[in-house]
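Tertiary structure, described
Here is how the chains run, residue by residue.
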Amino acid sequence: MAARQNCWESLRCGKEKECPAYPNFGKTCFSVKGTLCNGKKQGGYLEKANECRDRCSFYKEMFANK
Ligand code: SF4
């Protein structure tokens, strides 16, 4: 089975070097406070959970069929 991609590889955000999800939390970025998705600093898990769940293709792909 192919290794799961990191968020920055899947979304090609180009922000990974500035983002707290990089390099260790590319598969759990939804739980990392202050990520830079959509070009703005995100809050903690509770603040961004809806945004991740409703808008993030990486999140949807990760939790598809779960
Ligand atoms: S959390 Fe978002 S901004 Fe940060 S590296 Fe992943 S896709 Fe890029």
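In case you missed it, the structure is sitting above this.
Reading guide: rules and limits
Each residue is numbered by its place in its chain's sequence as written, counting from 1. Local features in this predicted model are restricted to residues whose pLDDT is 70 or higher, and side-chain atom pairs enter the listing and the counts only when it is 80 or higher, whereas totals over whole chains, interfaces and linings include all residues. Side-chain numbers here rest on the full set of heavy atoms in the structure, without hydrogens or water. Strands are runs of DSSP state E lasting at least two residues, helices are runs of H or I lasting at least four, and both sets are numbered from the N terminus onward. We take the radius of gyration over the C-alpha atoms and set the globule estimate at 2.2 Å times the residue count to the 0.38 power. Accessibility here uses a 1.4 Å probe with only protein chains present; expressed as a share of the type maximum, an area under 20% marks a residue as buried, one over 50% as exposed, and anything in between as partly exposed. Whether two residues touch is decided by their heavy atoms; if any such pair falls within 4.5 Å, the residues are in contact. Methods summary: accessible areas were calculated by the Shrake-Rupley approach with a probe of 1.4 Å, and residue burial reflects only the protein chains presented. We call a set of buried Ala, Val, Leu, Ile, Met, Phe, Trp, Tyr and Cys residues a nonpolar core when their side-chain atoms join them within 4.5 Å. Each residue is tested against the molecule or strand, and it is near if at least one of its non-hydrogen atoms lies within 4 Å. When residues are sorted by character, Ala, Val, Leu, Ile, Met, Phe, Trp, Tyr, Cys and Pro go into the nonpolar class, Asp, Glu, Lys and Arg into the charged class, and all the rest, Gly among them, into the polar class.

The helix and strand tally for the protein chain stands at three helices and zero strands. Taken from N to C terminus, the helices and strands of the protein chain fall in the order α-α-α. Computed over C-alpha atoms, the radius of gyration of the protein chain comes to 11 Å, within 12% of the 11 Å expected from 2.2 N^0.38 for 66 residues, which places it in the range of a compact globule. Along the three orthogonal principal directions, the C-alpha set of the protein chain runs to about 30 × 25 × 15 Å. Relative to its full complement of 66 residues, the protein chain shows a buried share of 35%. Within the protein chain, contacts between residues at least 6 apart in sequence are counted, and of these 27% link residues at least 24 apart. Carbon and sulfur atoms provide 49% of the accessible area of the protein chain, an area that totals close to 4800 Å².

Take the nonpolar core next. Ranked by size, the top nonpolar core spans twelve residues in total: Cys7, Trp8, Cys19, Ala21, Cys29, Phe30, Leu36, Cys52, Cys56, Phe58, Tyr59 and Met62. When residues of this core are traced back to their parent elements, those giving at least two are helix H1 (7-11) and helix H3 (57-63). Element by element, the count of residues in this core is highest for H3, at three residues. Beyond its immediate chain neighbours, meaning those up to four positions away, Cys7 contacts Arg12, Gly26, Cys29 and Phe58.

As a further point, take the site of the ligand. Taken together, the neighbourhood of the ligand is formed by Cys7, Trp8, Leu11, Cys13, Glu16, Cys19, Ala21, Cys29, Thr35, Leu36 and Cys37. Of the residues belonging to the shell around the ligand, the class tally is nine nonpolar, one polar and one charged.

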